[in-house]
Every structure is written in C-alpha cells, then in structure tokens.
Amino acid sequence: MSSSELPYHIVVGMPALSPTMTSGSISKWNVSVGDTFIAGDSLAVIETDKATIDFEAQDDGVVAKILVEEGGGEVDCGLPIMVTVEEEDDVAAFANFVPDASGGGAAAAAPAAAESTPPAPAAAAAPAATPAADLPYHIVVGMPALSPTMEAGTISKWNVAEGESFSAGDSLAVIETDKATIDFEAQDDGVVGKIMVEAGSGEVAVGVPIMVTVEEEDDVAAFKDFVAGSAPDSAATEASVAPPVVEEVKAPEPAVAAAPTPVAAAAPAAPTPVAAAKPAAATAAPTPVQGAVSLGGSSWGQLAAESSPLARALASKQKEYIEKYGSTGHVPLV
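Residues numbered from 1 in each chain as written. Predicted model: local features only at pLDDT ≥ 70, side-chain atom pairs only at ≥ 80, totals over all residues. Heavy atoms only, no water.

Notes on the overall build of the chain
Moving on, step 1. Broken down by element type, the chain carries six helices and 18 strands.
Moving on, step 2. Here the chain holds 334 residues, and 35% of them are scored as buried.
Moving on, step 3. Expressed as a percentage of contacts within the chain between residues at least 6 apart in sequence, the contacts between residues at least 24 apart total 63%.
Moving on, step 4. Summing over all exposed atoms, the chain offers an accessible surface of approximately 19,500 Å²; the carbon and sulfur share of this is 56%. (Helix = DSSP H or I, 4+ residues; strand = E, 2+ residues; numbered from the N terminus. Buried < 20%, exposed > 50% of the residue type's maximum accessible area, 1.4 Å probe, protein only. Contact = heavy atoms within 4.5 Å. Areas by Shrake-Rupley, 256 points an atom, 1.4 Å probe, with all protein chains shown as cover.)

Here it is, written out as structure tokens:
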C-alpha cells in the first residue's frame, strides 16, 4: 500500500534529545501498538553514551507500529523508530508498514524527518567573527529538538549562568514549546562560556545557537564578545586544534612519571642486643648497733630512746599495759 493510501500518520525518528546526541538505543518502550498517549507521556526510555532519558510525547496520538524493538542496538538520530496515528481505527492499516529507505513512508512523515536536518543549514551560517583557531575549544549549542515534531522553543528560564560549571544530567534551561515545558539536560560536563538567548526573549528555531560551552573556567573570558557564526564549523575546527593542546599539556606528565624512583635505603642492621647488666646485689641491711633499741625498723641509740618524746610515750603505754595484763615478754623500751 502506498503512503497516499494510508491514513494520516507520523513516522517518528530517533529524537536528538541533546545538541551532541548522534544516536541512541531504546532500553524500554512505555507504550505498545494500539495504546493511546497524550502530550507529556513517556513513550520510551532512550540510552545514550552519556545518560538515560525519557522520550516524551509532544502531541496526543495512538501508537500504530513500533519499528525498533527494545535492546535493538544503537539507532542514528532521525531513523524511524515508531509510527503514530490520530485514531485507534487507523492502527490496523499499519500492520505491515515498512518505512522507505529515506526513513519516510508517508508524506506526513517528511516534516518529522526533516526536523533533524534544519540544524545543519542554520548552523552552516556565516563564520564567527573571531576565527575558531584563536578561541579555546568550545561548543556552540543550538536550540535542541526535544521531540521529533519540535520546530521551535522559548527559553522560559536559565538554570545556569555564565561561568558556572555543570555536570551530565544537570538541567541547563527550561524550554517551552506549544505543547509542553521540558528541562534541557546536559549530556556532558562543561562550563557555560556565554548565554546567547535571554530567558523569555521569544521563540527560537531549532538549531539556532542559544549558548556556548567550554571545558575550563579560565576560557570563559575569551567569549565575552563572541558572536555566533558557523557553530559546526567552529566546533569542528576547534576540535581539530584542541587535541594537540591537550597533548602538550599532558606531555610533561609521562616525563614526571618516568623520573627515577628513589631506591629505598637498606634497612640498618638491627643493633646487637646488649645483655642487661644484672642488678647490683641489694645493699646489705645495716647491722644494728649494739645496745640500740629497734623502733619501727630503725636503729636508735639508748640516748635517742631516752630523749625521744615518742619513745617515752610508748614506754609509758607499755608500762600501763604490763600493770593491767602482765608482762608480754618484750624488753621495756626505756
């Protein structure tokens, strides 16, 4: 059946969900043939080499045929992945539908397929005022085609400012279309070099430059007066210039790594243990002086015993005890 004999339909191509996305793989379909969907519904989960993203519908419709199965490998942006129709009764007409070699299959599919190509002509405008070779490596980011039918969008809010760093998955801006409001997420790490379209400044066609990103914060100043020209040409030129610069920066590192590693000094021989000197024999206790009286382990002379107040007191107590209880056999102290 020729495309003119088929009901009105749209052949949906693999969407470019970021300005750097060239292909993706469908990890999961969230709809089946015959299912009805509305704007904002997640049709599929698409994986790139940088992130996993929900592919959301921008219009209401019905799934007529799924052309790429889950896990079917990478599909280049723009190649057909599904067909949608307006009425459930039209689904049966697409049971044996096969898109033609150009990725179409219906006159109505041409606009969808063409949406991925406008960025190239728009990007192939006049060259930038400053030669790319004189600027640090950068990427001129165009208005992304966040759905296969998106032709233009309005930046309602920037979530980053010039000079700010971002990581893959961060929301760079909120973009409005006539169907939905979508977060524009980064697919790579980078730094905002220049914002070229202010928030709320009106609709911008898909592919028209909206910002510039760089790799290092120190490169931001070079884009203060940057005027967008040929985004792909400048990016491609700088991409070819960038690698030598990176290599020059990295060249010293192998030299440093090749520096001779200091040889660990041999561990000093363990000192020969010196035999601990035997403790000197305990000093013999002094021999009590003959005629002395032992008081609390000390040797006292007779004079000390008679003169000491303590000795006299003890002697008095000793006498009182002997008088009361009898002799204990101890020699009187005094």
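Right, picking up where we left off after that structure.
Regarding the side chain of S25
Moving on, step 1. Along the polypeptide, S25 turns up in strand β2 (residues 23-29).
Moving on, step 2. If we skip the residues at most four places from it in the chain, S25 touches M14, V45, I46, E47, G73 and E74.

Digging into the sheet that holds strand β5 (residues 52-56)
Moving on, step 1. On the basis of which strands lie adjacent, the open sheet formed by four strands has the order β5-β4-β2-β7 and antiparallel pairing. The outermost strands of the open sheet, each flanked by one partner alone, are β5 and β7 (75-76).
Moving on, step 2. In this sheet, β5 lies alongside strand β4 (residues 42-47) in antiparallel orientation, the contact comprising five bridges. Following the sheet pairing, S42 is matched in β5 by E56. (Pairing = 2+ DSSP bridges.)

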